[in-house]
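Read off the chains here:
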Amino acid sequence: MQSPNSSFSHSLTASGFARALVWAAVLQIVDSLLLRIPLFPWMRLGLSHLVLLPFLLRYGTSATLYLFGFRNILSLIFGALPASSWLISTVSGLSSLSLLGPICFFLVKRNILGWLGAGMLLSSGFNLAQLYTVEKLLIGHSGFYYQIPPLLAWSLLSGMFTSFLAYRGRTQLFSAWENQSPNSLALRDTTQSHLTNTLDVSPGLYGRIKVLLAVLLLFFLLPGLAWQLSLGAACLAFCLSVRQNLRLLRYTWPWLIFLALLHLFDTPGRSIQGTWITWEGLQSFIVHASRTLAIVWSSQIWLAPLAKHLIARLSRKSGNDELGSSRVLHHNRQGNSERTARFPLFELAFSGFLLASPKFPTLFSEALLAGKEISAHLFHRRWTQLLEPLQSRF
Amino acid sequence: MSTQEGKLFRPLDLLIAITLIGVTLASSVHIPKVIGHWAEVREKGRLLAKYRLDTPSQFYSIETKTGLFKLAIDEKGIRVVEAPCLHKICVRTGTIKLAGRSITCAPAQLSIRITGKNETDNIDAITQ
């Protein structure tokens, strides 16, 4: 069995970790924004295993546990993930990964187990751990264990599907994470240059960020439409005072559609005269939309300077003048580390998290711009150029 | 790429797939296919209410710490009509009627579970 770091034989940089984290979190967010199967709403595709599985088999369990943990933090903030879903996913994911990750790593490296088997094991382990977590932490009885057969059958299919795709794309993924071919699948603007070029932090901004974070916290503590609307208006006013325009609004449309499908168009109650939307649905939509939009809008302002500030502090602390993208952790086969830090893997993963997080407030901007270009090609019947935006952007 | 990365398929994968299919089939045999008579509503394991399923169509409201739930009982079974949670997985689960089935709302720590006949069959509903 591998020890946490001893078999960590590939070099991993903070920017490589950041790339893996962005892909894993984006896939997780897309997965959670997709509508569920009505009879079995707990079943999801598990798209982020496209990243987690190759990452596990490349860098081992410890690094993957950090990737999983930070992925869930980003999904909680930007994925419209409820706290309970976050708790279930985090506890069951970390426990099943701790248990099955080393086994899969050990068996796959020795060619005893294939990627398909590893995918099936991890998927079924995660799903079973979810049921156990729900019983022990939330519901308090085991009445829903009848869902085990369909859940296992689903784990089999989804595990095979994701592990097959991950195996096919592993070469590009490994190259991108280890910077061997910067142009292949490279995620733009997630590394050092993005943070240094994005914002010049004005002296008063940190003070305003602290106030804004306090207001955001109140958003979730104070219930009721009046409070939500007031706080939403305060956040919006702050964003407008900094950016002077409503440009930020256009990046938030997928969150709005998701929340509208859940709340505005699907909630019973008293119909608004002449429409099929209810007052209760409208109220619920306003509350959830204002919370989500406040986070997304405001984080476009505070997340990048905060990340930059923390990375600078981390660099000063470890005596490294450069930003986190240059941090390299490389363990050779004897387990000797090139850097001497107390928690080197945590430092690297945290730096990667700080580098990745500023990308999320404008998560859908690239997709929006690509969609706009595709629409223009469609309108002008330029069939051969239809996929050009996708090739150039992603 | 080196062979250290592993291969797509090994014979052990087939064994895992067969085991998963076997466990799936074996556990599905044990699921009861009997129509239930009661619906128990619990919040974090504590019984909040218990409703007969063979009563005329009716709506019930349940107040929980998270908010108000509205339940509907008709000839098809019981379903959650309205819930205060974000993703509304409980609403999307739909109607359940077979004994042993349940609807779960993790954010509200609420579960609705169908049970079979028992000694309280002459009572229509119990609430606490």
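The shown structure was predicted, so the numbers you read here are calculated from the model rather than taken from an experiment.

Cut-off values and rules
- Residues numbered from 1 in each chain as written.
- Chains lettered and ligands numbered in written order.
- Predicted model: local features only at pLDDT ≥ 70, side-chain atom pairs only at ≥ 80, totals over all residues.
- Helix = DSSP H or I, 4+ residues; strand = E, 2+ residues; numbered from the N terminus.
- Buried ≥ 20, exposed ≤ 12 C-beta atoms within 10 Å, placed from the backbone.
- Contact = placed C-beta atoms within 7 Å.
- pLDDT = per-residue confidence, 0-100.
- Expected span 1.5 Å × (residues − 1).
- Pairing = 2+ DSSP bridges.
- Axes fitted to C-alpha atoms, helices over the stretch in contact; angles between N-to-C directions.
- Nonpolar A, V, L, I, M, F, W, Y, C, P; charged D, E, K, R; others polar.

1. Re the overall build of chain B
Inference 1: Per the secondary structure count, chain B includes 2 helices and 8 strands.
Inference 2: Taken from N to C terminus, the helices and strands of chain B fall in the order α-β-β-β-β-β-α-β-β-β.
Inference 3: Sorting the 128 residues of chain B into buried and exposed places 37% on the buried side.
Inference 4: Put simply, of all contacts in chain B between residues at least 6 apart along the chain, 37% involve residues at least 24 apart.

2. Quick notes on the environment of S155 of chain A
Inference 1: As for its position among the elements, S155 of chain A is in helix 6 (residues 148–168).
Inference 2: Between the alpha carbons of S155 of chain A and L34 of chain A there is a distance of 18 Å; along the sequence they are 121 residues apart.
Inference 3: Not counting the four nearest positions on each side in its chain, S155 of chain A is found in contact with M120, S123, S124 and N127 of chain A together with L20 of chain B.

3. Things to note about the confidence of the model for chain B
Inference 1: When the pLDDT values of chain B are averaged, the result is 85; 88% of them are 70 or greater.
Inference 2: Strand 8 (residues 125–127) of chain B is the least confidently modelled element of chain B, averaging 62 in pLDDT, while helix 1 (residues 11–29) of chain B averages 93, the highest of any element.

4. Some details on helix 1 (residues 14–33) of chain A
Inference 1: With 20 residues, helix 1 of chain A should cover 28 Å at 1.5 Å per step; its first-to-last C-alpha distance of 28 Å lies within 8% of that length.
Inference 2: Counting buried residues in helix 1 of chain A gives 17 out of 20 residues, a clear majority hidden from the surface.

5. Examining the sheet that holds strand 3 (residues 58–63) of chain B
Residues and elements named next belong to chain B.
Inference 1: Taken in spatial order, the 3 strands make up an open sheet running 3-4-5, and their pairing is antiparallel. Two strands bound the open sheet, and with one partner strand each, they are strand 3 and strand 5 (77–82). Averaged over neighbouring strand pairs, the angle between their axes works out to 30 degrees when direction is ignored.
Inference 2: Sheet topology note: the strand 4 (residues 68–74)/strand 5 ladder contains 5 bridges and is antiparallel. The residue bridging I73 from the neighbouring strand is I78, located in strand 5.

6. So, the pairing of strand 3 of chain B
Residue and element names in this part refer to chain B.
Inference 1: Looking at chain direction, strand 3 and strand 4 are connected through 6 bridges and run antiparallel. Looking at strand 4, one finds that E63 is bridged to L68.
Inference 2: Counting the residues that bridge the hairpin from strand 3 to strand 4 gives 4 residues, and of these G67 lies at a positive phi of roughly 155 degrees.

7. Describing unusual backbone geometry
All names here are of chain A.
Inference 1: Not every positive phi belongs to a glycine, and N111 is a case in point at roughly 60 degrees.
Inference 2: Of note in the backbone geometry, R381 takes a positive phi value of approximately 55 degrees without being a glycine.
Inference 3: Locating R381 in the fold gives a position in the loop between helix 14 (365–379) and helix 15 (388–393).

8. Some words on the interface of chain A and chain B
Inference 1: Contacts between chain A and chain B engage 43 residues on the former and 42 residues on the latter.
Inference 2: Secondary-structure elements contributing two or more residues to the side of chain A that touches chain B are helix 4 (83–109), helix 5 (115–139), helix 6 and helix 7 (170–177) of chain A.
Inference 3: It is helix 5 of chain A that contributes the most residues to the side of chain A that touches chain B, 9 residues altogether.
Inference 4: Taken together, the residues of the side of chain A that touches chain B sort by class into 27 nonpolar, 13 polar and 3 charged.

9. Section: helix 3 (residues 61–78) of chain A
All names here are of chain A.
Inference 1: Between its terminal C-alpha atoms helix 3 stretches 25 Å, which fits the 26 Å expected from 18 residues at 1.5 Å a residue.
Inference 2: Taking burial as the measure, the 18 residues of helix 3 include 13 buried ones, the bulk of the element.
Inference 3: Just downstream of helix 3 lies A80, where phi reads positive at about 50 degrees.

10. Examining the confidence of the model for chain A
Residue and element names in this part refer to chain A.
Inference 1: When pLDDT is averaged along chain A, the result is 78, and 79% of the positions lie at 70 or above.
Inference 2: Per-residue pLDDT stays below 50 along residues 1–8; that stretch engages in 20 contacts with residues further than four places along the chain or on separate chains.
Inference 3: Confidence over residues 321–339 falls short of pLDDT 50; this stretch has 45 contacts with residues more than four positions distant or in other chains.

11. Some remarks on the environment of W255 of chain A
Residue and element names in this part refer to chain A.
Inference 1: Mapping W255 onto the fold places it in helix 11 (residues 253–264).
Inference 2: Its 22 C-beta neighbours within 10 Å are what place W255 among the buried residues.
Inference 3: Taking the C-alpha atoms as reference, W255 lies 7.7 Å from A80; in sequence the two are 175 residues apart.
Inference 4: What W255 contacts, discounting residues up to four positions off in sequence, is A80, T292 and V296.

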